[in-house]
Amino acid sequence: MKSNYCVAALLPTVVVSVSLFGCGSPTGSGGGAGKGKIAVVISTLNNPWFVVLGDAAKTRATELGYDATVFDSQNDTATEASHFENILAGGYQAILLNPTDSDGSIANVRKARQRGVPVFCIDREVNARDVATSQILPDNYSGCVALGEYFAEQLDGRGDYVELLGLVSDNNTWNRSKGFHSVVDRFTDLKMVAQQSADFDRGKAHDVMQSLLQAHPNVHAVFCCNDAMAMGAYQALVAVGKEKQVKVFGFDGADDVVKLIAEGKIQATGMQFPKTMARTAAEYADQWIKGNRDFPQKVPVAVELVTPDNVSQYGDYGKKGH
Amino acid sequence: MMPRVLCLIVVLAGMSGLFWVCPLFRVVSLKKVESAKADARFDPAEFATKFWDDQLTASLAQASDAREVLDAIDRDFPGARNRFGRSVGISDSFLVMLQGTGRVVEVNSKGVGLALLDAADAPDVVLPVTMIFGNTVRDATGRLNVSDFPNSQDFNAVSTELNRLVEARVLPQLRDRVEVGQEIQFVGCAEISHDTKRRKPQKIVPLRVEFR
């Protein structure tokens with residue numbers, strides 16, 4: 001009789017445990033045989049750079065024999081959470097995540113981990129060491145240190161400038177901004193007259209730059225935390241005929257900016273190698289599915305400064321010949 | 001009537017006891033909360049100073065011979081990288097800790113040029129004497145790992161503070177005492193560029209300098 005009680009008490013626990021941990025768990029070798037599914041969750045597909053990131057991850061996962069699906073979080077943590085629910089219910093074996101928010105995405109990654117599904121973060125970080133299986137991240141800080149040094153050199157260490165920040169909840173925004181300021185703030189004659197967020201968005205950057213130009217018509221340069229905003233700022237400058245007066249500096253290595261650097265219209269950008277990051281994440285996921293559990297928590301990917309002097313070496317979101 | 005009152009008292013006493021043990025809310029001083037937050041906040045300056053004093057100084061003896069490494073790089077870049085360098089993550093560049101003795105052949109507002117060979121007139125390496133930027137010092141030691149930091153902003157802040165320590169502890173003596181013709185013994189960090197041919201003279205961020 002007593003044992004019947006035990007069984008009755010344990011049964012629901014076993015059922016819940018199996019449903020929680022069993023269903024989402026990947027099989028040991030299924031993926032490599034071409035039957036596995038990998039989800040690619042991208043913060044927004046409203047920016048060509050992220051489209052490249054998502055496409056590269058999907059392509060590499062497909063090459064490795066998986067069915068890969070790309071999900072667009074539309075820069076919204078709730079949409080990302082909804083994707084995670086569907087992905088975990090859909091039997092995906094791994095998630096390649098470009099997080100929407102460094103803090104806000106932690107819960108989604110943790111949920112996947114609890115269900116036995118590994119998450120590999122690409123390009124953007126989550127502020128926790130124990131939820132993602134690995135995080136493949138651009139070395140934004142170093143990239144923007146190099147960009148800051150070039151910026152100071154191009155402005156001869158003096159002048160007024162504005163800064164367009166990305167999403168303020170994203171670590172990339174601050175790593176870039178802090179790397180840049182670790183250099184330019186040491187030049188006392190370089191004066192930042194305005195700093196405003198344009199959410200990494202080209203259209204918003206255009207509007208923000210337009211209003212900043214009205215308030216500060218004599219600025220000498222604009223530093224943008226990504227290339228989409230650099231393009232938006234450049235278009236705003238063209239609209240008022242100031243594109244030759246104001247030097248534009250971006251970050252990302254987007255193709256349209258690399259082309260404008262070659263034409264002498266934009267000063268510089270930092271090449272982030274989105275394809276390298278995406279491919280590495282897909283390969284890590286494949287290794288995880290095949291049984292490897294030993295991954296570095298964070299893998300910084302070097303960022304290279306692209307200027308008119310070396311722009312011929314770059315294109316197609318990377319380095320030519322690599 | 002009496003039993004109902006008694007019952008009410010018992011229930012109220014029970015609830016009071018329960019809420020005493022498990023209160024629905026607690027009143028805490030805002031000062032205490034702010035102070036606890038400040039205690040938990042990462043202090044990159046304090047971390048960098050401790051790292052310099054406890055670990056970085058001890059690691060200087062492990063630096064490779066500058067002449068040997070630079071020659072190896074010029075002969076065989078990938079081979080030198082494998083033998084002497086360390087890379088952080090995915091990068092075409094690599095980092096090294098170097099030591100050597102050189103004769104001052106050039107002094108300008110940006111740096112001190114040293115010739116590593118007796119007869120040479122051109123500098124083989126340059127020790128900067130102005131502002132130090134970037135992650136070379138932090139990463140060349142190989143003793144700090146980004147994975148040990150929950151937030152890359154903290155990790156990067158360590159770089160800034162280590163650079164400031166170089167500026168405060170090493171550069172002044174170099175700037176103030178250097179003259180062409182002097183011999184300087186140095187230990188420092190260098191980032192070897194991914195370019196096919198390294199830039200000459202090689203920039204080395206000094207961590208220790210001694211005039212001989």
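Scroll up to find the structure.
Definitions and limits used
- Residues numbered from 1 in each chain as written.
- Chains lettered and ligands numbered in written order.
- Predicted model: local features only at pLDDT ≥ 70, side-chain atom pairs only at ≥ 80, totals over all residues.
- Heavy atoms only, no water.
- 1 Å grid on protein atoms, 1.4 Å probe; cavity = no way out; pocket = protein on both sides within 12 Å on 5 of 7 lines; lining within 4 Å.
- Points joined across faces, edges and corners; volume = space filled by probe spheres on them.
- Helix = DSSP H or I, 4+ residues; strand = E, 2+ residues; numbered from the N terminus.
- Nonpolar A, V, L, I, M, F, W, Y, C, P; charged D, E, K, R; others polar.
- Phe/Tyr/Trp six-rings, centres within 6.5 Å; stacked < 30°, edge-to-face > 60°.
- Buried < 20%, exposed > 50% of the residue type's maximum accessible area, 1.4 Å probe, protein only.
- Axes fitted to C-alpha atoms, helices over the stretch in contact; angles between N-to-C directions.
- Contact = heavy atoms within 4.5 Å.
- Pairing = 2+ DSSP bridges.
- Right-handed = clockwise from strand over helix to strand, strands pointing away.
- Salt bridge = Lys/Arg side-chain N within 4 Å of Asp/Glu carboxyl O.
- Polar contact = N/O pair within 3.5 Å; in protein donor to acceptor, adjacent residues only side chain to side chain.
- Expected span 1.5 Å × (residues − 1).
- Core = buried A, V, L, I, M, F, W, Y, C linked by side-chain atoms within 4.5 Å.
- Buried area = accessible area lost by both parts, 1.4 Å probe.

Over the atoms rolls a probe the size of a water molecule, and in doing so it shows where empty space is left. If you walk through the whole model with that rule in mind, you get three cavities of 30 Å³ or more. Considered as a void within the structure, the largest cavity measures approximately 170 Å³ in volume. Around the largest cavity sit 19 residues that line it, and Pro138(A), Asp139(A), Pro300(A), Val146(B) and Ser152(B) are the ones nearest its centre. Elements with a contribution of two residues or more to the lining of the largest cavity: strand S5 (134–138), helix H5 (140–154), helix H6 (171–184) and strand S11 (298–301) of chain A together with helix H7 (152–169) of chain B. Each residue belonging to the lining of the largest cavity can be placed in one class, and the counts come to eight nonpolar, seven polar and four charged.

Glancing now at the packing of aromatic side chains. Residues and elements named next belong to chain A. Tallied over the entire structure, the rule returns 15 aromatic pairs over all chains. Ring geometry for phenylalanine 120 versus phenylalanine 295: centroids 5.6 Å apart, planes at 80°, classification edge-to-face. Residue phenylalanine 120 is located in strand S4 (residues 119–122), and its partner phenylalanine 295 is located in the loop between helix H10 (274–289) and S11; the two are separated by 175 residues in the primary sequence. With relative accessibility at 0%, the residue phenylalanine 120 sits in the buried group. Note on tyrosine 161 and phenylalanine 180: the rings are 5.8 Å apart at their centroids and 80° apart in plane angle, and the pair reads as edge-to-face. Residue tyrosine 161 is located in strand S6 (residues 159–165), and its partner phenylalanine 180 is located in helix H6; the two are separated by 19 residues in the primary sequence.

Our next topic: the packing of helix H4 (residues 66–75) of chain B against helix H5 (residues 77–84) of chain B. All names here are of chain B. Running from amino to carboxyl end, H4 crosses H5 at an angle of 140°, the nearest separation of the two axes being 6 Å. Contact with H4, carried on its side by Glu68, Val69, Ala72, Ile73 and Arg75, involves Phe77, Ala80, Arg83 and Phe84 of H5 and no other residues of that element. Its residues assigned to classes, the contact of H4 with H5 comprises six nonpolar, no polar and three charged.

Okay, the sheet that holds strand S8 (residues 221–224) of chain A next. Note: strands within a sheet are paired through backbone hydrogen bonds, in either parallel or antiparallel orientation. All names here are of chain A. One open sheet holds the four strands; their spatial order is S7-S6-S8-S9, and the pairing between them is parallel. The sheet terminates laterally at strand S7 (190–197) and strand S9 (247–249), the two strands that pair on one side only. Here the average twist between neighbouring strands, direction ignored, is 20°. Across the face of the sheet, H6 comes into contact with S6, S7 and S8 while running at roughly 165° to S6.

We now examine the pairing of S7(A). All names here are of chain A. Pairing of S6 with S7, which is carried by seven bridges, proceeds in the parallel orientation. Within S7, the residue paired with glycine 159 across the bridge is leucine 190. With H6 bridging S6 and the parallel S7, this β-α-β connection has right-handed handedness.

Looking now at the sheet that holds S4(A). Residues and elements named next belong to chain A. One open sheet accounts for six strands, arranged S2-S1-S3-S4-S5-S11; its pairing is parallel. With partners counted over all chains shown, the strands left at the sheet margins are strand S2 (67–72) and S11, one partner each. Strand-to-strand twist in this sheet, taken as the mean axis angle between neighbours without regard to direction, amounts to 15°. Where S4 lies against S5, three bridges are found, and the strand directions are parallel.

Let us look at the pattern of salt bridges. Evaluation of the coordinates by the stated rule reveals 21 salt bridges over all chains. When the shortest N-O distance is used, the salt bridge between Asp156(A) and Arg158(A) registers 3.7 Å. With relative accessibility at 54%, the residue Asp156(A) sits in the exposed group. Since its relative accessible area comes to 51%, Arg158(A) is described here as exposed. Salt-bridge contacts for Arg67(B) lead to Asp124(B); the nearest nitrogen and oxygen are separated by 3.5 Å. Of this pair, Arg67(B) sits in helix H4 while Asp124(B) sits in the loop between strand S3 (111–115) and strand S4 (125–128), and the two are 57 residues apart along the sequence.

Below, the discussion takes up the environment of Ser197(A). All names here are of chain A. Along the chain, serine 197 falls in strand S7. Serine 197 sits in the partly exposed class, given a relative accessible area of 26%. Between the C-alpha atom of serine 197 and that of cysteine 224, which follows or precedes it by 27 residues, the distance is 9.5 Å. Contacts of serine 197, omitting those with residues within four sequence positions, involve Leu165, Gly166, Val168 and Val208. There is a polar contact of 2.9 Å between the side chain of serine 197 and the backbone oxygen of glycine 166.

Residue and element names in this part refer to chain B. Counted at 1.5 Å a residue, the expected span for H7 with its 18 residues is 26 Å, and the 26 Å between its end C-alpha atoms agrees. For H7, the full list of buried residues reads Ser152, Gln153, Phe155, Asn156, Val158, Ser159, Thr160, Leu162, Asn163, Leu165, Val166 and Glu167. With a side-chain oxygen positioned 2.6 Å from the backbone nitrogen of glutamine 153, the residue opening H7 is asparagine 151.

Glancing now at the nonpolar core. Of all hydrophobic cores here, the largest spans 52 residues; its most connected members are Leu162(B), Val166(B), Ile184(B), Phe186(B) and Leu207(B). Residues Tyr150(A), Val208(A), Cys224(A) and Phe249(A) belong to the second largest nonpolar core, which totals 51 residues.

Residue and element names in this part refer to chain A. Its identity as a non-glycine residue notwithstanding, aspartate 199 has a phi of 55°, on the positive side. On the secondary structure map, aspartate 199 appears in the loop between S7 and helix H7 (202–215). For aspartate 199, a relative accessible area of 24% corresponds to the partly exposed category. For tyrosine 317, which is not glycine, the phi torsion reads 60° and is therefore positive.

Residues and elements named next belong to chain B. Counting buried residues in strand S5 (residues 183–192) gives seven out of 10 residues, a clear majority hidden from the surface. In terms of strand pairing, strand S2 (residues 94–107) meets S5 through 10 bridges, oriented antiparallel. Note that in S5 the partner of glutamine 99 across the bridge is valine 187. As judged from the six bridges shared by S5 and strand S7 (residues 205–211), these two strands associate in the antiparallel manner. For glycine 188, the partnering residue across the bridge sits in S7 and is proline 206.

This part is about the interface of chain B and chain A. Of the residues lining the interface, 23 residues belong to chain B; the matching set on chain A comes to 31 residues. Carbon and sulfur atoms make up 50% of the area that chain B and chain A hide from each other, which totals about 2,200 Å². The largest per-residue losses of area from chain B upon contact with chain A belong to Ile90(B), Phe133(B) and Gln153(B), which jointly make up 29% of the total buried on that side. Seen at the junction of chain B and chain A, the total is one salt bridge. Among the ionic pairs, Arg186(A) bridges to Glu167(B), the shortest N-O distance being 2.6 Å. The interface formed by chain B and chain A holds 14 residue pairs in polar contact (both at pLDDT 80 or more) in total.

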